[in-house]
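Chain and residue survey
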Amino acid sequence: MIQMGEFKVHRVRFFDYMPSAIRSMAFNSHTERLAVARADGAVEIFNFADNYFQEKVIAGRDGRSIEALCWVGRRLFSAGLEGEITEYDLENLRPRYSIEAYGGPIWTISSNSQGTLLAAGCEDGTVKMFEILEDRIQFQTNLSRQKGRIISLSWHPSGAQIAAGMMDMIKIFDSETGQATHRLLVDRGVGTSKSREVVVWSVAFLNDHTIISGDSAGKVQIWDGLTGTLISTHLVTKWDVLVLAISQDESSVIAGTSEGTVVQFQFLPSTVGQQDKFWVQTRTFKNHSHDVRALVHTDTAVVSGGMDTQLVVRPLLDKVEKNTQESALHKIAFPHRNLVSCAKKAGLLLFQFPDHLELWRLGESDRNGTPGESLPVKRKPEKLIQLKIKGEDHICCSALSPCGSWLAYATVAAVRLYRLQLSSSNVSIQKVSKLPRELKSVHQLCFSSDSCRLFASSSFSSVVVVALDQTDCKYLHTLKHKSGSKQPIHILSPSEDGQWLATANTDCEIHVFNLRKMKLHCSVPAYSSCPTAVSIHPTSGNLVSVHADQQIFEFSLKQKEYSVWSRQLQRQGLHPLWLQRDTPVTQITFNPNNPAHIMLHDVFMFCIIDQSLPLPEAKSKFYNQRILRSLPEPQRLRESHAFKACKNFQHLLSVNLLEDLSLVVVERPLVDIVCQLPAPVRQKLFAT
């Protein structure tokens with residue numbers, strides 16, 4: 001524990017959160033949504049039009065290995081080594097259905113540009129064609145069977161041909177007849193064992209019938225797809241080229257390697273004024289420590305991910321305006337949602353992992369100190385329970401009641417509720433056997449402040465309300481709004497007095513329900529950016545929301561309009577340093593001792609907004625509070641403004657205020673995650 005200003009702070013670093021490696025990505029340029037598949041089978045959707053906000057997460061499951069993702073319109077498909085193609089329900093955040101391909105493990109899937117056919121490359125040497133129907137896919141035909149597995153696929157934009165990367169070769173098929181028309185033999189490379197097969201990990205088929213391939217011998221090769229001849233070879237690494245991505249105008253290609261580099265090639269004339277163009281290696285980016293397994297080439301950026309678990313958005317500086325937010329490098333290392341629940345009346349923390357939950361009791365100190373001083377711990381933190389879930393489905397959400405007596409979690413298949421009984425020496429946990437049948441397809445869970453109700457966001461953007469007593473639970477009501485949105489609710493926020501429940505969905509809507517009347521009270525005026533955190537002030541009853549574009553609003557539930565402070569903030573505008581932050585605020589809380597204080601945090605900063613102080617001017621400095629306190633008093637008064645930032649913590653996952661007004665800060669330093677990664681498979685040594 002440490003002392004920080006008026007607060008005692010529990011610095012928690014025993015949440016061993018470990019993100020999963022990125023295996024595949026697919027970008028939908030029409031909706032500007034990036035789908036990311038993780039090694040644990042989870043799928044995440046990022047909105048690139050809304051500050052790269054992670055708006056949806058579909059939990060993984062044991063044994064689900066996703067090798068490829070593919071958008072067809074607004075529909076998302078995946079395939080993997082279990083041999084099935086899965087379509088996802090993006091409104092209910094679950095697989096819609098899975099269909100067996102009967103070709104063994106599936107290494108790749110790709111749809112034609114017309115959106116009518118989905119091709120799957122299989123272990124048994126077949127390329128299987130599925131017709132894309134309105135509500136499902138249906139097997140249509142096999143292309144002529146080959147002797148080796150199909151590793152990579154790429155359709156010609158016309159849909160008439162499809163290129164398949166294999167071992168030691170690329171085959172070009174006529175998609176109408178199913179017959180192979182060309183065989184392109186891939187050289188095993190200089191200095192490699194002639195007995196070692198070359199894996200063609202990735203292929204790209206361009207409009208002018210150029211084929212570009214990346215292989216396990218470290219080569220990017222350019223082929224003429226009409227004649228089947230090799231045009232040029234570029235050795236970019238001693239190890240593997242694992243993935244390729246092409247820009248929409250086909251003027252640029254990027255290659256991801258197992259050294260952690262991304263190499264760019266551009267289609268350029270060799271000299272100024274010359275008509276003939278050639279593929280030229282132009283840039284190398286090094287933003288990863290491990291294999292780059294997934295790549296996307298947007299109009300303005302290179303998006304990459306791999307074994308080091310981080311999603312990196314690297315702007316191409318010739319495509320964006322320099323020294324703007326769009327030109328900044330973005331690294332997304334942590335989820336944009338809460339994996340920590342806090343029982344603020346009991347001093348307990350619940351940590352959510354994919355396949356289990358951990359319940360911890362916080363440590364105690366009986367001393368106060370000076371700011372920054374470490375306090376002696378009277379009782380150490382203690383892990384009370386590790387709850388392993390049953391079944392293969394991973395946890396999608398969890399919650400701990402404020403009193404610490406109830407614990408709930410949900411998977412796509414079921415909801416589980418447990419009664420906890422704690423004493424100083426032991427803990428007992430009892431499963432509630434009978435739950436209301438309305439508790440299904442749950443995306444978020446939350447308890448009321450008096451721990452007597454459980455709220456569960458369900459399908460069609462509705463909320464199921466359940467009453468809790470000593471041993472069981474009873475269905476009370478389903479809260480519904482009238483907007484017609486079917487998008488999932490990702491935020492549930494009940495008021496302290498038990499009167500209100502605020503909900504936010506990924507259609508950027510915020511609805512507030514009256515829990516005494518069990519009906520909709522009001523809807524906050526629509527705003528274009530998705531809410532990332534919402535909370536209701538315990539004394540004023542105002543709703544505070546922060547959005548993916550970093551804007552802050554305060555809405556009066558009594559007057560059903562924005563507050564005076566909120567309108568002033570919008571007129572003056574937020575400080576540039578606040579708007580330039582690239583991680584979203586994920587939590588808002590309030591200090592009962594000081595109603596003017598709004599407390600919030602993102603990954604890098606804990607901030608108190610003091611509504612009694614003037615808003616910062618555009619030229620004001622954002623001092624860390626320790627530095628501000630050290631300034632001479634006249635300067636300190638001059639530099640003081642409403643936004644009090646603290647950057648003393650490393651990579652914040654959660655900040656909560658306990659009933660005794662001590663802060664619980666859950667940190668997960670990125671260096672601790674990096675230390676737990678496996679050693680890089682291929683590491684470039686100095687001067688080699």
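Calculation criteria
- Residues numbered from 1 in each chain as written.
- Predicted model: local features only at pLDDT ≥ 70, side-chain atom pairs only at ≥ 80, totals over all residues.
- Heavy atoms only, no water.
- Helix = DSSP H or I, 4+ residues; strand = E, 2+ residues; numbered from the N terminus.
- Rg over C-alpha atoms; globule rule 2.2 N^0.38 Å.
- Buried < 20%, exposed > 50% of the residue type's maximum accessible area, 1.4 Å probe, protein only.
- Areas by Shrake-Rupley, 256 points an atom, 1.4 Å probe, with all protein chains shown as cover.
- Lys, Arg positive; Asp, Glu negative; His and termini not counted.
- Charge placed at Lys NZ, Arg CZ, Asp CG, Glu CD.
- Pairing = 2+ DSSP bridges.
- Contact = heavy atoms within 4.5 Å.
- UniProt positions renumbered as here; feature names shortened; annotations may be inferred.
- pLDDT = per-residue confidence, 0-100.
- Axes fitted to C-alpha atoms, helices over the stretch in contact; angles between N-to-C directions.

1. Side note on the overall build of the protein chain
Along its length, the protein chain carries five helices and 56 strands. Relative to its length of 688 residues, the protein chain is compact, with a C-alpha radius of gyration of 27 Å against a globular reference of 26 Å. Seen through its C-alpha atoms, the protein chain measures out along the principal axes to roughly 75 × 65 × 50 Å. Counting all 688 residues of the protein chain, 58% fall into the buried class. On the protein chain, roughly 29,700 Å² of surface is accessible, and the fraction owed to carbon and sulfur atoms is 49%. Distance between charge centroids for the protein chain: 5 Å, based on 74 positive and 68 negative side chains.

2. Observations concerning the pairing of strand β41 (residues 462–468)
The side chains of a regular strand alternate between both faces of the sheet. Within β41, seven of the seven residues are buried, which leaves it mostly tucked inside the rest of the structure. Burial along β41 is two-sided: the face carrying S462, V464, V466 and L468 and the face carrying V463, V465 and A467 are both buried. For strand β40 (residues 453–458) and β41, the ladder comprises six bridges, and the chain directions are antiparallel. Looking at β41, one finds that S457 is bridged to V463. Hairpin connection, β40 to β41: the antiparallel pair is bridged by three residues, and F460 has positive phi, about 55°. What sits between the antiparallel neighbours β41 and strand β42 (residues 473–479) is a turn of four residues.

3. Focus: the environment of A343
Relative to the helices and strands, A343 resides in strand β31 (residues 340–343). As for A343 and L492, which are separated by 149 residues in sequence, their C-alpha atoms are 16 Å apart. Sequence-distant contacts of A343, that is, excluding residues within four places in its chain, are made with L348, L400, S401, P402, G404 and L658.

4. Regarding the UniProt feature "domain: Anaphase-promoting complex subunit 4-like WD40" (unreviewed entry) in the protein chain
Under the UniProt annotation, "domain: Anaphase-promoting complex subunit 4-like WD40" (unreviewed entry) lies at residues 117–188. Strand forms 54% of residues 117–188 and helix 0%; the C-alpha atoms that close the span are 33 Å apart.

5. Looking at the side chain of R38
Tracing the sequence through the fold places R38 in strand β4 (residues 33–38). Judged by relative accessible area, which is 8%, R38 ranks as buried.

6. Overview of the confidence of the model for the protein chain
Looking at the protein chain as a whole, the pLDDT averages 91, with 93% of positions reaching at least 70. Here residues 684–688 is modelled with pLDDT under 50, and outside its nearest four sequence neighbours on either side it reaches two contacts, counting other chains as well.

7. Digging into the sheet that holds strand β36 (residues 406–410)
An order of β35-β36-β37-β38 is seen for the four strands of this open sheet, with the pairing classed as antiparallel. Each edge of the sheet is formed by a strand with only one pairing partner; in this case those strands are β35 (397–400) and β38 (427–431). When strand polarity is set aside, the average angle formed by the axes of neighbouring strands in this sheet is 20°. Sheet analysis places β36 next to strand β37 (residues 415–422), joined by five bridges and oriented antiparallel. Within β37, the residue paired with A408 across the bridge is L417.

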